[in-house]
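# Structural description and commentary
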Amino acid sequence: MAHVLLKDVSKIYEGDVRAVDKVNITIQDKEFVVMVGPSGCGKSTTLRMIAGLEEISEGELYIDDKLVNDIPPKDRDIAMVFQNYALYPHMNVFDNMAFGLKIRKYPQTEIDTRVKEAAEILDITALLERKPKALSGGQRQRVAVGRAIVRKPKVFLFDEPLSNLDAKLRVQMRAEISGLHTRLQATMVYVTHDQVEAMTMADRIVVLRDGLVQQIGTPLGLYNHPINAFVATFIGSPPMNMVNLAVEAQGDKVLLKEGGFTLVLRGAQADALREYDGKEIDLGVRPEDLILQDKPGENVIPTRVEVVEPLGSEIQLYVGTQDHQLIVKTEPSHSFVVGQEIYLKPKFEKVHFFDKETERSIIFDEEKSLTL
């Protein structure tokens, strides 16, 4: 397989519109890297530049230490799986999978062998004589993946391949593609707007926003150590709660004040926030890190239940403070009614603090974001 290096890569359209701005990503041999972000963030454009389907405006792209900026797609030894499958409707499954090998004039015996091997891996051997119109969405997606596998490329590229499937089938195909990566030991670059896909499939995640790389790290590294408020709220479902608080330093402690409650910090967290005395910050806390309390007390947040969502294995609550709405995950053994007052205490070892102006994390451990 291969490693891929993007060095200050940019895509600039007419009118100096920067769809991708000085992206630096190193993808290691046999690694599964997922690029994730909202619509229009530049992830698909970046993937298409790797494939050679978009011209690189600035920067350099290397595959196995070879500069490929000016090398056409057919000579880059990559295979791409598209969102819409891109199958030929007049060809059966076998011919769709074999097409790329035929135009490269592979011997028929090798074509037969490669197609049959890929069909067995994807469990579509019984479908080889069918036309695409006779296949389900999931079967068509397998054929599209099979067409890439038979090429035995250096790099596999996936452009939102599961977005046209229903929720149940997406879960199944996620597992199948992850298993395929393990089996083939292939270098894979996968683009999605679905952060759940990114969290469950990736060795490392690249988070993009407005054409800029926000953070690169392992799934749990990004989840537990986001570099800024955007990453914190984008990675995780439901998203991290953000609470705007006024900072007041008092001796060896720091108070964080909202209209309806006050949090008291001491030690290292207080020291880190002392310079924000008289200013405002955002406190981030994940729904599972708000713990139910029996009664009011220090660092306990009084809230009122607004929405109850029983999900079987857990209950998801939407609760209101004086100035904010929070999402809470809790055990299904509890029962709640709308309008009920409940008390919550944050796990302070899990909370995050963000600068209001820069959105950057005030206490950030880069090493942990890369390794956990």
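Coordinates for the structure precede this section.
## Structural notes on the overall build of the protein chain
The number of helices and strands found in the protein chain is 10 helices and 20 strands. When its C-alpha atoms are laid out on the principal axes, the protein chain stretches across 80 × 45 × 35 Å. Residue burial in the protein chain is summarised as follows: out of 372 residues, 50% are buried. When contacts within the protein chain are restricted to residue pairs at least 6 apart in sequence, long-range pairs at least 24 apart make up 66% of them. Accessible surface, the protein chain: about 17,500 Å² in total, of which carbon and sulfur atoms supply 48%. Separation of charge centres in the protein chain, based on 45 positive and 55 negative side chains, amounts to 7 Å.

## So, the packing of helix H4 (residues 137-149) against helix H5 (residues 167-184)
Where H4 meets H5, the closest approach of the two axes is 11 Å, and the angle between their N-to-C directions is 20 degrees. When the axes of H4 and H5 are compared, the pair comes out roughly parallel. Relative to H5, H4 is oriented so that their crossing is right-handed. Contacts between H4 and H5 pair Gly-137, Gly-138, Gln-141, Arg-142, Val-145 and Ile-149 from the former with Leu-169, Gln-172, Met-173, Glu-176, Leu-180 and Leu-184 from the latter.

## Looking at the sheet that holds strand S14 (residues 280-285)
Reading across the sheet, the five strands line up as S13-S12-S11-S14-S20 and stay open at both edges, with antiparallel pairing between neighbours. Both outer strands of the open sheet, strand S13 (261-266) and strand S20 (352-355), are each paired with one neighbouring strand and no more. Between one strand axis and the next, the sheet turns by 40 degrees as a mean value, whatever way the strands run.

## Topic: the sheet that holds strand S3 (residues 32-36)
One open sheet accounts for six strands, arranged S6-S7-S8-S3-S9-S10; its pairing is mixed. Single-partner strands in this sheet number two, and they are strand S6 (78-81) and strand S10 (212-217). Pairs of neighbouring strands in the sheet enclose a mean axial angle of 15 degrees, with direction left out of account. On top of the sheet, helix H1 (residues 43-51) reaches S3, S6, strand S7 (155-159), strand S8 (187-192) and strand S9 (204-209); it is set at about 150 degrees to S7, its chief contact.

## Description of the nonpolar core
Core analysis: the biggest nonpolar cluster contains 50 residues, and Val-93, Met-97, Val-115, Ile-124, Phe-158, Tyr-190 and Val-207 have the highest contact counts within it. If sequence neighbours within four positions are ignored, Met-97 has contacts with Val-115, Ala-118, Ala-119, Ile-124, Leu-128, Val-143, Gly-146, Arg-147 and Val-150. In terms of nonpolar packing, the next biggest core, distinct from the first, is built from 29 residues, Val-20, Leu-61, Ile-71 and Ile-78 among them.

## Let's talk about H5
Over its 18 residues, H5 extends 26 Å from the first C-alpha to the last, a length consistent with the 26 Å expected when each residue adds 1.5 Å. Listed as buried for H5 are Leu-169, Met-173, Arg-174, Ile-177, Leu-180 and His-181. The buried side chains of H5 occupy one side of the element, clustering within an arc of 145 degrees when seen end-on. Opposite the buried face of H5, at more than 90 degrees from it, the exposed residues are Lys-168, Ala-175, Thr-182 and Arg-183. On its buried side, H5 packs onto S3, helix H3 (108-122), H4, S7, S8 and helix H6 (195-201).

## A few points about the pairing of S9
A large share of S9 lies buried, amounting to five of its six residues. Across four bridges, S3 lies against S9 in parallel orientation. Bridge assignment links Val-34 to a residue of S9, and that residue is Ile-205. Of the pairings in the sheet, the one linking S9 to S10 comprises five bridges and is antiparallel in character. Across the sheet, the residue bridging to Ile-205 is Gly-217, located in S10. Hairpin connection of S9 to S10: two residues between the antiparallel strands, including Asp-210 at a positive phi of 55 degrees.

## What to know about unusual backbone geometry
Note on backbone geometry: most residues besides glycine have negative phi, and most peptide bonds are trans. Residue Ser-237 is joined to Pro-238 through a cis peptide bond whose omega torsion reads -5 degrees. We note that Lys-30 has phi near 70 degrees; this positive angle belongs to a residue other than glycine. If you trace the backbone, Lys-30 turns up in the loop between strand S2 (17-27) and S3. Although it is not a glycine, Asp-65 sits at a positive phi angle of roughly 65 degrees.

## A few points about the pattern of salt bridges
Under the definition given, this model contains 16 salt bridges. A salt bridge links Lys-154 to Asp-64; its shortest N-O distance comes to 3.7 Å. Here Lys-154, found in the loop between H4 and S7, pairs with Asp-64, found in the loop between strand S4 (58-63) and strand S5 (66-67); they are 90 residues apart in sequence, far enough to count as distant. Owing to a relative accessible area of 31%, Lys-154 belongs among the partly exposed residues under this scheme.

## What about helix H2 (residues 93-103)?
The complete set of buried residues in H2 reads Val-93, Phe-94, Asn-96, Met-97, Ala-98, Gly-100 and Leu-101. Residues of H2 that are buried make contact with H3 and H4. Remark: Lys-105 follows H2 within two positions and exhibits a positive phi of approximately 60 degrees.

## Re the packing of aromatic side chains
On inspection of all chains with the given rule, the structure shows four aromatic pairs. With a centroid separation of 5.7 Å and 35 degrees between ring planes, the pair formed by Phe-158 and Tyr-190 is classed as tilted. Placement of the pair is Phe-158 in strand S7 and Tyr-190 in strand S8, with a sequence separation of 32 residues. In terms of burial, Phe-158 and Tyr-190 fall into one category: buried.

Criteria and cut-off values
Residues numbered from 1 in each chain as written. Predicted model: local features only at pLDDT ≥ 70, side-chain atom pairs only at ≥ 80, totals over all residues. Heavy atoms only, no water. Helix = DSSP H or I, 4+ residues; strand = E, 2+ residues; numbered from the N terminus. Buried < 20%, exposed > 50% of the residue type's maximum accessible area, 1.4 Å probe, protein only. Contact = heavy atoms within 4.5 Å. Areas by Shrake-Rupley, 256 points an atom, 1.4 Å probe, with all protein chains shown as cover. Lys, Arg positive; Asp, Glu negative; His and termini not counted. Charge placed at Lys NZ, Arg CZ, Asp CG, Glu CD. Axes fitted to C-alpha atoms, helices over the stretch in contact; angles between N-to-C directions. Parallel < 35°, antiparallel > 145°, perpendicular 65-115°, else oblique. Left-handed = near helix turned anticlockwise from the far one by under 90°. Pairing = 2+ DSSP bridges. Core = buried A, V, L, I, M, F, W, Y, C linked by side-chain atoms within 4.5 Å. Expected span 1.5 Å × (residues − 1). Arc of directions from axis to C-beta. Salt bridge = Lys/Arg side-chain N within 4 Å of Asp/Glu carboxyl O. Phe/Tyr/Trp six-rings, centres within 6.5 Å; stacked < 30°, edge-to-face > 60°.

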